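An overview of the molecular structure
Take a look at the letters that make up each chain.
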Amino acid sequence: MYVLTQIRDHDETITIYETNELYGEMGRFRVMAFHDDAVQGVLDLRDPARIVLEYPKAMLHLMNEWLPSFQHIFLIGYGTGTIARALEEKGKNVMAVDISSPVIELSRAYFYQPKSNVQLGDGRAILEHQPAGSMDYILIDAFTASGIPYHLSTYEFFALVQQKLAPHGILMMNVIGRPDGDYRVQALADTMGAVFEYTHTFALHAKQVSIEQNMLLIASAYPLDLPSTTAVAGFYPTALIPMGIVQWD
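Residues numbered from 1 in each chain as written. Predicted model: local features only at pLDDT ≥ 70, side-chain atom pairs only at ≥ 80, totals over all residues. Heavy atoms only, no water.

What about the environment of Lys115?
- With respect to the secondary-structure elements, Lys115 resides in the loop between helix H3 (101-110) and strand S7 (118-120).
- Residue Lys115 is classed as exposed on the basis of its relative accessible area of 67%.
- Spatially, the C-alpha atoms of Lys115 and Arg85 are 7.8 Å apart, while their sequence positions differ by 30 residues.
- Not counting residues within four places of it along the chain, the set of residues in contact with Lys115 comprises Glu88 and Glu89. (Helix = DSSP H or I, 4+ residues; strand = E, 2+ residues; numbered from the N terminus. Buried < 20%, exposed > 50% of the residue type's maximum accessible area, 1.4 Å probe, protein only. Contact = heavy atoms within 4.5 Å.)

Structure (structure tokens):
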């Protein structure tokens, strides 16, 4: 591993490094990582157009599956720009927001130059100023050293998201947790379900319910067709047992 740069941003350490092996795959990879080597984004230096991580592949696949003609996306958590770039290349209108100036600057320097303007600021505050019913998708991919920011996980926040989504709009949130008995994930799912009529969960390792992994929480005002036996970029639908936990501001 060769470290290109490392920056301290408040309580977070952001490291950009290159490696010849990632998750058992040999190649040439450039990585943005936070604390404890928590990988935030990857660039395949031999195939820059390739999406390496499973969760953005799954998100993009499901977005096209559910709303093939979607156009307007609000993204909280820019990271290395993987999702924004893939959407922009398809001609989509992406409004991306990140609260970390170093993340945006490092992404531009070491990963992608976004076509659209990436706004610096708090995603919830900026979302409040968007027109009601204007978004086809709202994507949450925001992490700090302590996990998803609390103010992006409350009843009031999800009510705001619901207001900004079009009637056919869908919320997608990337989280890290365990499919079985994870209080944090269950609180998010329960709070989301207190606002939206339909919610769904996908897990990367659905059969290994005791290990921490990427999970996708989905919410909408109408039922969505879900794959039952076929994985979506390694993700399978998984059921969470409601615990009645609702988080408030």
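Let's talk about helix H2 (residues 82-89)
- Counting buried residues along H2, 7 of its 8 residues qualify, which places the element largely inside the surrounding structure.
- Buried within H2 are the following residues: Thr82, Ile83, Ala84, Arg85, Ala86, Leu87 and Glu88.
- For H2, the elements touching its buried residues are strand S4 (39-44), helix H1 (54-66), strand S5 (72-76), strand S6 (93-98) and strand S8 (135-140).
- A positive phi of about 80 degrees marks Gly91, the residue just after H2.

Regarding the side chain of Asp141
- Mapped onto the secondary structure, Asp141 falls in the loop between S8 and helix H5 (155-164).
- The side chain of Asp141 sits in the buried core without any salt bridge; Arg85 is the nearest counter-charge, 13 Å away.
- Within the structure, Asp141 has its side chain in polar contact with the side chain of Tyr55 (distance 2.6 Å).
- Within polar-contact distance, the side chain of Asp141 engages the side chain of Asn174 at 2.9 Å.
- If near-sequence neighbours (up to four positions away) are discounted, Asp141 is found in contact with Tyr55, Ile76, Gly77, Ile83 and Asn174. (Lys, Arg positive; Asp, Glu negative; His and termini not counted. Salt bridge = Lys/Arg side-chain N within 4 Å of Asp/Glu carboxyl O. Polar contact = N/O pair within 3.5 Å; in protein donor to acceptor, adjacent residues only side chain to side chain.)

Some thoughts on the environment of Thr191
- Mapping Thr191 onto the fold places it in helix H6 (residues 183-195).
- Not counting residues within four places of it along the chain, the set of residues in contact with Thr191 comprises Ser153, Thr154, Tyr155, Phe158, Ile245, Val246 and Gln247.

Quick word on the sheet that holds strand S11 (residues 213-220)
- Spatially, the 8 strands line up as an open sheet ordered S7-S6-S5-S8-S9-S11-S10-S12, and their pairing is mixed. Pairing within the sheet leaves two strands with one partner each, and these edge strands are S7 and strand S12 (236-237).
- Note: S6 against S7, 3 bridges, orientation parallel. Within S7, the residue paired with Val97 across the bridge is Gln119.
- Against the sheet, H1 touches S5, S8, strand S9 (165-177), strand S10 (198-203) and S11, its axis set at about 160 degrees to S9. (Pairing = 2+ DSSP bridges. Axes fitted to C-alpha atoms, helices over the stretch in contact; angles between N-to-C directions.)

Things to note about the sheet that holds strand S2 (residues 12-22)
- With antiparallel pairing, the 4 strands of this open sheet are ordered in space as S1-S2-S3-S4. Both edges of this open sheet fall to strand S1 (2-9) and S4, since each of them pairs with a single strand only. Neighbour-to-neighbour, the strand axes of the sheet open up by a mean angle of 25 degrees, direction not taken into account.
- Relative to S1, H3 is tilted by about 160 degrees, and along the sheet it contacts S1, S2, strand S3 (25-33) and S4.

So, to be careful, I would describe these as geometric facts and stop short of saying anything about function.
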